[in-house]
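Structural description and commentary
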Amino acid sequence: MGEEMSSKPYIREISKTNWFYGQPRYMRYMAREVTCIFIFAYTFLLIWALRALANGPEAYQAFLAALNSPLGILFNLAVLVGVVYHSISWFSLTPQAMPLQRGEEFVPGNLIIGAHYGGWAVVSLIVLFLGV
Amino acid sequence: MAKSNKPIVWGLFAAGGTITAFLLPVVVLLTLFAALGMTPDLFTYEYLHAFAANWLGKLVIFGVIFLSLWHAAHRLRITMHDFGLRQDLWIATTVYVLAALGTIMTFFYLLRI
Amino acid sequence: MSERQIQLEVLRYNPETDSEPRLQTYSVPCLNEWVVLDALNYVKDNLDTTLSYRWSCHMAVCGSCGMMINGEPKLACKAFIREYADQIRVEPLANFPIERDLVTAVEDFIAKLASVKPYLIPKEDKPIEAGEFKQTPTELKKYKQYTLCINCMLCYAACPQYGLVPEFLGPAAIALAHRYNQDSRDGGRDQRQEVIASHEGVWECSFVGACSEVCPKHVDPAGALQQVKIASTIDWYKEHLMPWVKK
């Protein structure tokens, strides 16, 4: 009887391509993961800017002129949404990845997230102050 | 079971994820202004050139672009797998070669400034 | 006492006669304070003695009655009927082969759990006369939450990576390895790292985080796995870039 019991276990197949579809928990994860596409594309925009910068003032003006276009605006808007989502999702995971034990107790997660948001605000303000 | 060598790229992924989370939103906001025709000081030729001419500025620019590239490349590799593309060797090679190319380009452009 | 008629849709699979599972609906008069496990017990006692499922303690301690309830991994003894509509679907835990009805084959998990050596490996042998291994409350607190794991496997059912890459060691096993690695009395980390720092170990995790969301004991396996990744990364850089730093 023993061998009959486990004779034919049934295996439920999972779709390799759309396992996340329609599952809010997995959809949120995928949204977080695809932010990398925006970041990847944007770093190449920065590299393009560096190249123009190295090639002199005319080349750089041409780069700015190319950027100043509907496509440039759309691209930057899309990337902005992507990177902000990246920042929020990244900071929200920090208490799990880097818990802090003070004395016996652990520092509450919201405090760790809050500290990251504070740092984010400071960094952003410094860049705005120096860059505008 | 042998220990994995994933930590090389994961370390860069994690460091890059942190630096991009802190820094990129405001930088993208500035390039968005530039795209709208209101170029902020940082992205004018004179200012950016002066910043990149300084060795400390070079180091900052290189660090940010290098880590962003490797963060995004590694996460893209995982994302491809999540979308069901299982040719991991090819995908990994492609994204890491792109990141390496970006790194080399950044390095040489900075040297020329 | 208020009573409500629930349509309980239960996945049925008989390996001797069925080529694939089917759903069978039972109409169950449920009391307000019942959990899904009570409804299943009602079916077994009054409607259909052939229904197979695992359960034991009825109080979220034994970890036997994990199943998918309306698609979500839950302990049937902790899922209150009053929190559901009149129709409830009950299926065996996702990502595991179905043995019969709601019973899954769990050998894979058991083997993985054993492979991480989830027990204390003392730094040095100490004769019993030398007394116990002492620990401060702070040292205990460091890993305490992981000791609450009841091996119910809900985290494996929630983890898409385990479903897609069956070789993956998975959340609970790695979290328990981390539990012992974090224990001040333990000296077995090097042995466990050989398993959990491998490809099939922590590196198959992409931090979906579902494991921690479904854990009925509020353990945070996802957090444990990220901490293992950070520690393993530091190990790697030390071993390869600073080989003169000996452990």
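Anyway, here's the lowdown on the structure attached to this text. Note that the structure is a prediction, hence the values are computed from the model and not measured.

**A look at empty space enclosed by the protein**
All names here are of chain C. By the definition in use, this model includes two cavities of 30 Å³ or more. Here the largest cavity defines a volume of roughly 130 Å³. As for the largest cavity, its lining consists of 14 residues, of which Cys149, Cys155, Ala172, Cys215 and Val219 are closest to the centre. Elements supplying a minimum of two residues to the lining of the largest cavity: helix 4 (154-158) and helix 6 (171-181). Class assignment of the residues belonging to the lining of the largest cavity gives a composition of 12 nonpolar, one polar and one charged. For the second largest cavity, the calculated volume is near 110 Å³. Looking at the second largest cavity, it is lined by 16 residues, and the ones nearest its centre are Cys159, Cys205, Val208, Gly209 and Cys211.

**Let's talk about the state of the cysteines**
Residue and element names in this part refer to chain C. Evaluated as defined, the whole model comprises zero disulfides over all chains. Among the cysteines around cysteine 152, which has no disulfide bond, cysteine 215 carries the closest sulfur, lying 6.2 Å off. By relative accessible area, cysteine 152 is classed as buried at 9%. This cysteine, cysteine 211, is not joined by any disulfide, and cysteine 155 carries the nearest cysteine sulfur, 6.3 Å off.

**A closer look at the layout of surface pockets**
Volume-wise, the largest pocket comes out at about 940 Å³. Along the walls of the largest pocket sit 34 residues, with A:Arg12, A:Glu13, A:Ile14, C:Ala94 and C:Asn95 positioned nearest its centre. For the lining of the largest pocket, the secondary-structure elements that each account for two or more residues are helix 2 (24-54) of chain A together with strand 4 (72-75), helix 4 and helix 5 (160-164) of chain C. When residues of the lining of the largest pocket are assigned to their parent elements, the largest contribution, four residues, is made by helix 5 of chain C. For the lining of the largest pocket, the per-class residue count stands at 20 nonpolar, six polar and eight charged. Looking at the second largest pocket, its volume works out to about 780 Å³. What lines the second largest pocket is a set of 35 residues, and nearest its centre among them are B:Trp10, B:Phe13, C:Cys205, C:Gln226 and C:Lys229. Ranked by residue count, the leading element in the lining of the second largest pocket is helix 3 (residues 55-82) of chain B, at six residues. The residue makeup of the lining of the second largest pocket, split by class, is 13 nonpolar, 10 polar and 12 charged.

**Brief notes about the interface of chain C and chain B**
Listed per partner, the contact involves 21 residues of chain C and 14 residues of chain B. Interface of chain C and chain B: buried area, both sides summed, is about 1,600 Å²; carbon and sulfur atoms make up 60% of it. At the junction of chain C and chain B, the tally comes to one salt bridge. With a closest N to O distance of 3.4 Å, B:Lys3 and C:Glu239 form a salt bridge. Among the elements that line the side of chain C that touches chain B, the one with the most residues is helix 9 (residues 221-241) of chain C, at nine residues. Here the residues of the side of chain C that touches chain B sort into eight nonpolar, nine polar and four charged.

**Some thoughts on the nonpolar core**
In this structure, C:Leu8 and C:Leu40 are the most contacted members of the largest nonpolar core, which totals 82 residues. Excluding anything up to four places from it in sequence, C:Leu8 contacts C:Gln24, C:Thr25, C:Tyr26, C:Val28, C:Ala39, C:Leu40, C:Val43, C:Ile88 and C:Val90. Among the nonpolar cores identified, the runner-up in size contains 52 residues, and A:Tyr60, A:Phe63, B:Ala34 and B:Tyr109 belong to it.

About the criteria used
- Residues numbered from 1 in each chain as written.
- Chains lettered and ligands numbered in written order.
- Predicted model: local features only at pLDDT ≥ 70, side-chain atom pairs only at ≥ 80, totals over all residues.
- Heavy atoms only, no water.
- 1 Å grid on protein atoms, 1.4 Å probe; cavity = no way out; pocket = protein on both sides within 12 Å on 5 of 7 lines; lining within 4 Å.
- Points joined across faces, edges and corners; volume = space filled by probe spheres on them.
- Helix = DSSP H or I, 4+ residues; strand = E, 2+ residues; numbered from the N terminus.
- Nonpolar A, V, L, I, M, F, W, Y, C, P; charged D, E, K, R; others polar.
- Disulfide = S-S within 2.5 Å.
- Buried < 20%, exposed > 50% of the residue type's maximum accessible area, 1.4 Å probe, protein only.
- Contact = heavy atoms within 4.5 Å.
- Buried area = accessible area lost by both parts, 1.4 Å probe.
- Salt bridge = Lys/Arg side-chain N within 4 Å of Asp/Glu carboxyl O.
- Core = buried A, V, L, I, M, F, W, Y, C linked by side-chain atoms within 4.5 Å.

Just distances and angles here, no functional claims.
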